[in-house]
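In case you want the letters, here they are:
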Amino acid sequence: GIMLSSFKNVLLGAPGGDLAFYFFHWLTDLSGAEGTPLGGAEKFTLKFPRPVLSAFLWSIPYLQHLGEETETAVVEKYLQARFKEALPFLPAPTGPMAIAKLRLVAMAQSGAELA
């Protein structure tokens, strides 16, 4: 949760649509860093790890709840959803090691079923 504290503080004073606009701007800025449109498209299709981009895009709906929920609650919901997506046949972990297990599955990014 602490990793989102500064981000949450910025969001508290911002209108609701600013978060989506920020991420849209970040994506276009990232691809626009290449000198040609083809170069920007290649950055996402060839150079940017697909699991990282996918996880980033996947997190946006959860981050939109930072205004009304704690950072910890947002991260836990995100990690639980990632676990359910990666391992739908298993119950989500519980107990003192639950967050560590959820984070491991999220960090695996692909092939989590092998973890």
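Every value quoted in this text rests on a predicted model; they were computed, and no experiment measured them. (Residues numbered from 1 in each chain as written. Predicted model: local features only at pLDDT ≥ 70, side-chain atom pairs only at ≥ 80, totals over all residues. Heavy atoms only, no water.)

### Observations concerning the overall build of the chain
Here is step 1: Each helix and strand in the chain was counted, giving six helices and zero strands.
Here is step 2: Burial status across the chain gives 30% buried among its 115 residues.
Here is step 3: When contacts within the chain are restricted to residue pairs at least 6 apart in sequence, those whose partners lie at least 24 apart make up 49%. (Helix = DSSP H or I, 4+ residues; strand = E, 2+ residues; numbered from the N terminus. Buried < 20%, exposed > 50% of the residue type's maximum accessible area, 1.4 Å probe, protein only. Contact = heavy atoms within 4.5 Å.)

### Side note on the nonpolar core
Here is step 1: Grouped together as the largest cluster of nonpolar side chains are 22 residues, with contacts concentrated most on Leu4, Phe23, Leu63, Leu66 and Leu79.
Here is step 2: Mapped onto this core, the elements with two or more residues apiece are α2 (18–32), α4 (50–63), α5 (71–86) and α6 (98–108).
Here is step 3: What Leu66 contacts, discounting residues up to four positions off in sequence, is Leu4, Phe7, Lys8, Leu11, Glu71 and Val74. (Core = buried A, V, L, I, M, F, W, Y, C linked by side-chain atoms within 4.5 Å.)

### Description of the pattern of salt bridges
Note that side chains of opposite charge can pair when their charged atoms are close.
Here is step 1: Applying the stated criterion across every chain, the model contains one salt bridge.
Here is step 2: Its salt-bridge partner being Glu69, residue Lys77 comes within 3.1 Å of it at the nearest N-O pair.
Here is step 3: Residue classification places Lys77 among the partly exposed positions, given a relative accessible area of 42%. (Salt bridge = Lys/Arg side-chain N within 4 Å of Asp/Glu carboxyl O.)

### Section: α5
Here is step 1: Helix length check: α5, at 16 residues, gives a terminal C-alpha distance of 23 Å against a target of 22 Å (1.5 Å per residue), a fit within 8%.
Here is step 2: The inward-facing, buried residues of α5 contact α1 (5–12), α4 and α6. (Expected span 1.5 Å × (residues − 1).)

### Concerning the packing of aromatic side chains
Here is step 1: According to the stated counting rule, one finds three aromatic pairs in the structure shown.
Here is step 2: Geometrically, the ring pair formed by Trp58 and Tyr62 is stacked, given 5.7 Å between the ring centres and 20° between the ring planes. Of this pair, Trp58 and Tyr62 both sit in helix α4, four residues apart, which is roughly one turn of that helix.
Here is step 3: With a relative accessible area of 27%, Trp58 lands in the partly exposed category.
Here is step 4: On the numbers, 6.1 Å between centres and 65° between planes, the contact of Trp58 with Tyr78 is edge-to-face. Pair noted here: Trp58 is in helix α4 and Tyr78 is in helix α5, with a separation of 20 residues, a long-range link. (Phe/Tyr/Trp six-rings, centres within 6.5 Å; stacked < 30°, edge-to-face > 60°.)

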